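# Fold and contact review
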Amino acid sequence: MKLFLRGFVLALLTSLLIISCTTTKITHTWAEKSYRGWPFSHILVIGVAEKNETRRSFEEKFVAKLEATGVEGLASYAVMAPDEKIDKETILAVVKKTGVDGVLLTYLVAVKEKELASPGPTYSRADDYHGGSIPDLSSAYEYRSGSQLYTTQVKVRLETNLYDAKTEQKVWSARSRTLNPKSDTALMNSVIDALVKDLKKNKLIP
């Protein structure tokens, strides 16, 4: 029985680990080859979100990550009213007022959930053996197929674009996919880390 319990606990912990793991992958990235500007040094960060708290948290985290690389960041919530429409006219007004050289815009593309089935714990118990003669119990705790376990896989897709503030030209774009974010904070941190790495790879930030 101890062997059975040990196997069941191991399967359960493995399932929980899969569910709680937050990983982000850049599924598509593009950079304007003709762009001849210097790496950006002052970037306006805009996170389009349904809730102002989510937008504020995302922008603050992105600004902190940029500043850790030596880039000055500016969260849009600090210079825009909460109910102000995020459109081209508003963004250009902020660009003119603040003097930023880049505008980074992130928005949600899709959230998809999918139920996954995997074999459950397998086992064989000693009391499965019946009969009048002495049974062979050498395989009493060997495993056999059990019921399936079900987990829900969540995919969050975001798109992020970087624009040259002076020319209004898009110079970089990336699509990200995050699997099984265990919280909004984990999702944001994972996405931002992946995006900053790609920006550095394309030499758009130091």
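Just so you know, the residues in each chain are numbered from 1, in the order the chain's sequence is written. With pLDDT at 70 or above as the cut-off, local features in this predicted model cover only qualifying residues; side-chain atom pairs require 80 or more to be listed or tallied, and sums for whole chains, interfaces and linings still use all residues. Side-chain figures throughout are based on the complete set of non-hydrogen atoms in the structure, without hydrogens or water.

Attention now goes to the overall build of the protein. The helix and strand inventory of the protein stands at 4 helices and 6 strands. The numbering of helices and of strands both runs from the N terminus, where a helix is a DSSP run of H or I of at least 4 residues and a strand a run of E of at least 2. Sequence-ordered secondary structure for the protein, helices as α and strands as β, is α-β-β-α-β-α-β-β-β-α. Working definition: with a 1.4 Å probe on protein chains only, accessible area under 20% of the residue-type maximum means buried, over 50% means exposed, and in between means partly exposed. The burial tally for the protein puts 34% of its 206 residues in the buried class. Contact criterion: two residues are considered in contact whenever any of their non-hydrogen atoms come within 4.5 Å of each other. For the protein, restricting intrachain contacts to residue pairs at least 6 apart in sequence, the fraction spanning at least 24 positions comes to 74%. Note on areas: Shrake-Rupley with a 1.4 Å probe; residue coverage comes only from the protein chains shown. With an accessible surface of roughly 12800 Å², the protein has 55% of that area assigned to carbon and sulfur atoms.

Moving on, we get to the pattern of salt bridges. Charged atoms that come close allow side chains of opposite charge to pair. Definition used for salt bridges: Asp or Glu carboxyl oxygen within 4 Å of a side-chain nitrogen of Lys or Arg. Applying the stated criterion across every chain yields a total of 5 salt bridges. Of the charged contacts in the structure, one is a salt bridge between glutamate 59 and arginine 55, with a shortest N-O distance of 3.3 Å. Of this pair, glutamate 59 and arginine 55 are both found in helix α2 (residues 52-68), 4 residues apart, which corresponds to roughly one turn of the helix. Here glutamate 59 falls in the buried class, since its relative accessible area comes to 0%. Judged by relative accessible area, which is 5%, arginine 55 ranks as buried. Taking the shortest distance from any N to any O, the salt bridge between glutamate 60 and arginine 56 comes out at 3.3 Å. Placement of both glutamate 60 and arginine 56 in helix α2 is noted, with a separation of 4 residues, approximately one turn of the helix. Among the residues examined, arginine 56 registers a relative accessible area of 44% and is labelled partly exposed.

All right, on to the nonpolar core then. Counting 27 residues, the largest nonpolar core has Ile43, Phe62, Leu162, Trp172 and Leu204 as its most contacted members. Of all the secondary structure elements, the ones that give two or more residues to this core are β2 (42-47), α2, β5 (148-164), β6 (170-179) and α4 (184-201). Of the residues forming this core, the biggest block, 7 residues, is contributed by α4. Not counting residues up to four positions away in its chain, the partners in contact with tryptophan 172 are Thr29, Trp30, Ala31, Thr160, Asn161, Leu162, Leu195, Asp198, Leu199, Asn202 and Leu204. Note on terminology: a nonpolar core comprises buried Ala, Val, Leu, Ile, Met, Phe, Trp, Tyr and Cys residues joined through side-chain atoms within 4.5 Å. Membership of the second largest hydrophobic core comes to 11 residues, among which are Leu74, Val94, Val100 and Ala165.

We now examine the side chain of serine 190. With respect to the element layout, serine 190 can be found in helix α4. Throughout this description, a polar contact denotes any pair of N or O atoms lying within 3.5 Å of each other; where both atoms belong to protein, one of them has to be capable of donating a hydrogen while the other can accept it, and for residues adjacent in sequence the pair is counted only when both atoms sit in side chains. Within the structure, serine 190 has its side chain in polar contact with the side chain of threonine 24 (distance 2.6 Å). Not counting residues within four places of it along the chain, the set of residues in contact with serine 190 comprises Thr22, Thr23 and Thr24.

Right, let's talk about unusual backbone geometry for a bit. With a phi close to 65°, glutamate 168 is a non-glycine residue in the positive phi region. For glutamate 168, a relative accessible area of 39% puts it in the partly exposed group. Its identity is not glycine, yet lysine 203 carries a phi of approximately 60°, on the positive side. Considering the arrangement of structural elements, one finds lysine 203 in the segment after α4.

This next bit is on the confidence of the model for the protein. In the predicted model, the protein carries a mean pLDDT of 82, and 73% of its residues have values of at least 70. Taken together, the stretch residues 1-20 has pLDDT below 50 and engages in 13 contacts with residues farther than four places along the chain or on a different chain. Known as pLDDT, the predictor's per-residue confidence is scaled from 0 to 100.

With that out of the way, let us pick up α4. Multiply 1.5 Å by the residue count of a helix minus one, and that product is the helix's expected span. For α4, spanning 18 residues, the distance from its first C-alpha to its last is 26 Å, which sits close to the expected 26 Å at 1.5 Å a residue. Among the residues of α4, those classed as buried are Ala186, Leu187, Met188, Ser190, Val191, Ile192, Ala194, Leu195, Val196, Asp198 and Leu199. Downstream of α4 by one or two residues, lysine 203 has phi in the positive range, about 60°.

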